[in-house]
Amino acid sequence: MAILLSAQNLEKSFGPHLLFRGLSFGIETGDRIGLIGPNGAGKSTLLKIIAGLIEPDSGELVKSRGLRVGYLEQMPSFAADSTIFDAVAEGADGDPERLAKVHEWLARLELLEDGRTEDTKISELSGGWKKRCALARELVREPDLLVLDEPTNHLDLESILWLEKFLEAGSSESHSFATLTVTHDRLFLQRVANRIFDLDRRNPDGLFTVRGSYADFIEAKEALMKAQERREETVNNTLRRETEWLRRGAKARTTKQQARINRAGDIKNEAEDLKSRNQVRTAQIDFQSSERHPQKLIEAIGVSKSYGGRRLFAPVDLIISPKTRLGLLGANGAGKTTLIRLLLGEEEPSEGQIKRAERLQVAYFAQTRDELNPKKSVLRTICDEGDYVDYRGKFVFARSYLSRFLFRPEQLDMPVEKLSGGEKSRLRLAQLMLTTANVLVLDEPTNDLDLATLDVLEDSLKSFEGAVILVTHDRYFLEQIANEILAFTLNETGEGKLERFADTLQFEAWLESRPKGKNAAAKAIALESSSSVTGESASKKRLSYKEKRELDGMEATILAAEERLKYLETESQKPENIANSSRLTEITRELAELHLRIETLYARWAELS
């Protein structure tokens, strides 16, 4: 394997705060690296240094000749009013050969399906599709190393599964590239990574690297920490003996005695270093449960919701009781937040009724963190006035309370907008812990949280006496918490419904069993319809003579359109067309129109059948 880049003794600080020092590592072709570490360790900063967006304070980063690095940021940005084609074409940087790749990646990443065209505005897309556009833009650059910062944040489960398969294929297909990914999604790490970088001050050199899966890393990290703890115990015992010897009045009368006195100083420094590295600081999360818990906190009877004639989900019965751990899954926009708002009484159902216990108390963690005022300081977010907060009936010094959530003293007077995503999540959890509740509603609480904080949050939710309603696409986290999973799905006619699954693996298997893509779905419906129509069903609606003629010629029409599509795809790869920007633009636009026409033809075929 060839080395793509190597780093020696990288160091970076922001003001007085040191992020990391002395980092040394190498990245090779074929590496699929997962970069993990606690919030504030400098993971995103390290990615930006590798991508060439910022410089380290000291150290050296050596890249192989001509190395191309693609960088997918957490929240992709685009030019104002840009279209899908414009956004992806940015990656070509005006290079005609790369411009020819634009349509290839538009197709591979399925960006021109479900009614989307090249002229669709980026502003009209969901967060998940914006992220796909940003990924296509980086792939057009033909990177040797693709750097991804929290790529699964704000993606639904189906998109995460697609990304997993895409990145796994990236090491073997014609678009081969190495990857370096920051993520907190443990199952994603296990499936995608073949190497782990752990950026943590507890490691001897700051960065601990392991070749193998995330499971291999867990074993290696545990062994390292145990070895460090044993070493700390040994050093402390040695230091105790040397201190006793010095207290007996030993004098440096010989070279040997002087060396021993000097050695005692070295041992003391090592003991302090080991104590610092072996000290584990995690957020202390402990939600307050109400003393009174009725057996039925919320009951939904035949509840459904429709908007503009479209039903989000068919009537469903649901009981939320103490110890309910309900996980909600489904595509972005499928209706998960709407169902929560119905259960909490913030919206009325279109059908059915919802009963709530008297004096129901709810604590709600919203995905958007809208409850946080960006202009307020961290301290005043928790404590509007004064210096104390009421926690479990006792007055606690607000600054001490915030230290439970790993906020440093110098951060307490900062405005909330200056915090990282993980720090905002911890601050919102700190707010929720000051309220008592029968029901905890957590909408994507895992976004931006580090693995250590996720472990603490898991334990707190397991011990909570009330009910938990959880929306998350972190499958590992969901498996640890939920005892019931409701998934928002679509039936054959495109109407929403809710289905119960035992676990996320069962839901994944269900997703895999469906026809892939809109064309495939239309084909499946058409074939099923045409093969199962009986005389009785056919008599319900007879086709007109014109419709029969249309149906008879439909297969040939689709075949001709697909042949034209293949021809244009071949034309788009020819050197003479690549060099002719006007011809290439003409071909690209016709390809987009053909994709949409073929989708429409299959849908019409299904309807006539």
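Above this text you will find the structure in question.
Asker: Before we go on, may I ask you to explain the overall build of the protein chain in this structure?
Answerer: When its secondary structure is counted, the protein chain shows 21 helices and 22 strands. Across the 609 residues in the protein chain, those meeting the buried criterion constitute 47%. Taking all contacts inside the protein chain whose residues are at least 6 apart in sequence as the whole, residues at least 24 apart take part in 70%. Counting every atom, the protein chain has about 29,900 Å² of accessible surface; 48% of that belongs to carbon and sulfur.

Asker: It is not clear to me how the sheet that holds strand β2 (residues 17-28) should be interpreted in this structure. Could you clarify?
Answerer: Two modes of strand pairing occur in sheets, parallel and antiparallel, and in both the strands are linked by backbone hydrogen bonds. Taken in spatial order, the three strands line up as β2-β1-β4 in an open sheet, and their pairing is antiparallel. Each edge of the open sheet is held by one strand with a lone partner, namely β2 and β4 (58-63). Strand after strand, the sheet turns through a mean of 10 degrees between neighbouring axes, direction not considered. Direction of pairing for strand β1 (residues 3-14) relative to β2: antiparallel, over a ladder of eight bridges. Across the sheet, K12 pairs through a bridge with F20, a residue of β2.

Asker: For this particular structure, what's the right way to read the packing of helix α4 (residues 101-108) against helix α5 (residues 127-140)?
Answerer: Two measures define how a pair of helices packs: the angle their axes make with one another and the distance between the axes. The geometry of α4 relative to α5 is characterised by a closest axis approach of 9 Å and an angle of 140 degrees between their N-to-C directions. Taken together, the axis directions place α4 and α5 in an arrangement best described as oblique. Crossing handedness for the pair α4 and α5: right-handed. Across from K101, V102 and W105 in α4, the residues of α5 making contact are A136, L139 and V140. Taken together, the residues of the contact of α4 with α5 break down into five nonpolar, no polar and one charged.

Asker: Explain the nonpolar core to me, please; I cannot follow it from the model alone.
Answerer: A general trend in soluble globular proteins is that nonpolar side chains are found buried together. Ranked by size, the top nonpolar core spans 57 residues in total, and within it F287, L427 and L461 carry the most contacts. When residues in this core are grouped by element, the largest group, five residues, is from helix α14 (residues 451-463). The residues touching F287, leaving out its near neighbours within four places in the chain, are R392, L429, L432, M433, L440, L457, S460, L461 and F464. By size, the runner-up hydrophobic cluster in this structure holds 33 residues, among which are W105, L139, L148 and V192.

Asker: What am I meant to see in the packing of aromatic side chains here?
Answerer: Given two aromatic rings, one states the distance between the centres and the angle between the planes to describe the pair. Under the counting rule described, the total for this entry stands at 13 aromatic pairs. The interplanar angle of 80 degrees and the centroid separation of 5.9 Å between the aromatic rings of F313 and F488 together place this pair among those described as edge-to-face. Here F313, found in strand β12 (residues 310-320), pairs with F488, found in strand β21 (residues 484-490); they are 175 residues apart in sequence, far enough to count as distant. Among the residues examined, F488 registers a relative accessible area of 7% and is labelled buried. Relative to Y401, the ring of Y391 has its centre 5.7 Å away and its plane inclined at 50 degrees; by these criteria the two rings are tilted. Here Y391, found in strand β16 (residues 388-391), pairs with Y401, found in helix α12 (residues 398-403); they are 10 residues apart in sequence, far enough to count as distant. For the pair shown, Y391 and Y401 are each scored as buried. Each member of the aromatic cluster is reached from another via a ring pair, and the members are W105, W162, F166 and F177. The ring of W129 carries the charged tip of R116 above its face, separated from the ring centre by 3.6 Å. It is R426 that lies over the ring of F407; its NZ or CZ is 5.4 Å from the centre.

Asker: When you look at α4 in this model, what are you seeing that I'm missing?
Answerer: Here α4 has its buried residues at V102, H103, W105 and L106. Within α4, the buried residues cover an arc of 165 degrees as seen down the axis, which keeps them to one side. Backbone geometry just after α4 places E110 at a positive phi near 55 degrees.

Rules and cut-offs
- Residues numbered from 1 in each chain as written.
- Predicted model: local features only at pLDDT ≥ 70, side-chain atom pairs only at ≥ 80, totals over all residues.
- Heavy atoms only, no water.
- Helix = DSSP H or I, 4+ residues; strand = E, 2+ residues; numbered from the N terminus.
- Buried < 20%, exposed > 50% of the residue type's maximum accessible area, 1.4 Å probe, protein only.
- Contact = heavy atoms within 4.5 Å.
- Areas by Shrake-Rupley, 256 points an atom, 1.4 Å probe, with all protein chains shown as cover.
- Pairing = 2+ DSSP bridges.
- Axes fitted to C-alpha atoms, helices over the stretch in contact; angles between N-to-C directions.
- Parallel < 35°, antiparallel > 145°, perpendicular 65-115°, else oblique.
- Left-handed = near helix turned anticlockwise from the far one by under 90°.
- Nonpolar A, V, L, I, M, F, W, Y, C, P; charged D, E, K, R; others polar.
- Core = buried A, V, L, I, M, F, W, Y, C linked by side-chain atoms within 4.5 Å.
- Phe/Tyr/Trp six-rings, centres within 6.5 Å; stacked < 30°, edge-to-face > 60°.
- Lys NZ or Arg CZ within 6 Å of the ring centre and 35° of its normal.
- Arc of directions from axis to C-beta.

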